[in-house]
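If you want the building blocks of each chain, they are given just below.
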Amino acid sequence: MSAEENLLAGLSKEDLLTRLQSQTARYNKLFQNSLVAMMIIRLDDGQIIEANKICLDLLYLKALANANFFQFLKAANRKQFQHQLKESEQIDNLELELSGEAGSKWVSCSARLNSDGCTADCILIDITESRDRLNELKKVNFELDSFVYHASHDLRSPLRSILGLIDIYRLEESKKTKTECIEKIEGSVRRLDDLVMELLSISRNDRINDPHVEMNLMYEINNSISSYCNASDTKGLEIRAEIKQPVPFISDLTRVRIILNNLISNALKYRSFENETDFISIKAKVNMKGLELTVEDNGEGIAENKLPHIFDMFYRATEKSEGSGLGLYIVKKVADKLKASIEVQSFELEGTTFTVFIPNSLNKESVRS
């Protein structure tokens, strides 16, 4: 007989009862004050027999009455949980998705089957945030791999073209052919410069937060139109602009310019020369909440099956595109930084409409002052 058994054998029934009550109280205190979610459930139907406050909060339960753990699990996960616990009598760090009226979350579940074979002690740890971070990291790694591959390809392509044109230039004696080579080399250099500027925009957007300033949208839109119209064939093109700015608009000027320039540039780049009348319509409406910017055209449009991908890195929605496929990706990243929303409607051969809503920092400035 062990020392513990000898000690218990010498106690009276009253002392044994007192000792049991003391241990039970200690257990309940540890159970309720635990820093992790703990519960006891019935294995056959998932009924929660006991749970501490952290567990109730995790499951968004106000009370223990009629609480059921399995109601939060998908059928496949419930069967996996029951099967693994019956077979191994324990579960270690099983990731489960819990779904309920308040939304869904992910937990790491560890459980032990009790000696009665009918109940199990469970510990739940909320891992929703860590899973979100892991998914975001996977997304970043994927984009980085894609970025390195496509950027190197898009940089090499015009460089190889330039080298080839230089060889032709050296061998040619015709002045006309040499002039054509120089013009093509200039075109390749401009494409390289555009790509480098886009790469710099991505880098700057991730690293820098300029102070928000008040801006004149009429001035900014006119500047953007002038910059790209001078470099494009605008014959027969009607440009319509409607700006309503009854209150000041305050935001990140550089990022707003990036959005304006890319959307207007795209509208010009993919205009249709087969329409009787080509137009680009730019509307800006400002109120205390923010700026609603709409850029509409009746150009080539985008096929329905390509719309979900237009904001992907290096994605080109048309074979006619000579760009890097970074323009709309940059627009989306910049919009995210501004906490702006962006929507697109497009029909192939009919045109495209982009609508961007950018919050107005005027309210924040008013609070500060």
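Overview of the structure. Here the structure is a predicted model, which is why all the values come from computation and not from measurement.

Some points on the sheet that holds strand β3 (residues 90-100)
In sheet architecture, strand pairing relies on hydrogen bonds along the backbone and comes in two forms, parallel and antiparallel. Ordered by their spatial adjacency, 5 strands build an open sheet running β2-β1-β5-β4-β3, and the pairing between neighbours is antiparallel. In this open sheet, the two edge strands, each paired with only one partner strand, are β2 (48-51) and β3. Within the sheet, the average angular offset between the axes of one strand and its neighbour, ignoring direction, is 30°. Pairing between strand β1 (residues 37-42) and strand β5 (residues 119-126): 6 bridges, direction antiparallel. Its bridge partner lying in β5, Met 39 is registered against Cys 122.

Here's the deal with the state of the cysteines
Taken as a whole and judged by the stated rule, the model has 0 disulfides. You can see Cys 109 has no disulfide; the closest cysteine sulfur is in Cys 122, sitting 5.0 Å from it. We classify Cys 109 as buried; its relative accessible area is 0%.

Overview of helix α4 (residues 75-88)
For α4, spanning 14 residues, the distance from its first C-alpha to its last is 20 Å, which sits close to the expected 20 Å at 1.5 Å a residue. Residues of α4 that are buried: Asn 77, Phe 81, Gln 82 and Leu 85. One face of α4 carries all of its buried residues, which in axial projection span an arc of 130°. Turned more than 90 degrees from where α4 packs its buried face, Ala 76, Lys 79, Lys 86 and Glu 87 sit exposed. Of the residues one or two after α4, Glu 89 is the one with positive phi, at around 65°.

Observations concerning the packing of helix α8 (residues 253-269) against helix α9 (residues 327-337)
Relative orientation of the contacting elements α8 and α9 amounts to 150°, with a least axis distance of 9 Å. Taken together, α8 and α9 sit at an angle that is classed as roughly antiparallel. The hand of the α8/α9 crossing is left-handed. Contact residues: α8 offers Arg 255, Ile 258, Ile 259, Asn 262, Leu 263 and Asn 266, while α9 offers Gly 327, Leu 328, Ile 330, Val 331, Val 334, Ala 335 and Lys 337. Along the lines of polarity and charge, the residues of the contact of α8 with α9 split into 8 nonpolar, 3 polar and 2 charged.

Cut-offs applied
Residues numbered from 1 in each chain as written. Predicted model: local features only at pLDDT ≥ 70, side-chain atom pairs only at ≥ 80, totals over all residues. Heavy atoms only, no water. Pairing = 2+ DSSP bridges. Helix = DSSP H or I, 4+ residues; strand = E, 2+ residues; numbered from the N terminus. Axes fitted to C-alpha atoms, helices over the stretch in contact; angles between N-to-C directions. Disulfide = S-S within 2.5 Å. Buried < 20%, exposed > 50% of the residue type's maximum accessible area, 1.4 Å probe, protein only. Expected span 1.5 Å × (residues − 1). Arc of directions from axis to C-beta. Parallel < 35°, antiparallel > 145°, perpendicular 65-115°, else oblique. Left-handed = near helix turned anticlockwise from the far one by under 90°. Contact = heavy atoms within 4.5 Å. Nonpolar A, V, L, I, M, F, W, Y, C, P; charged D, E, K, R; others polar.

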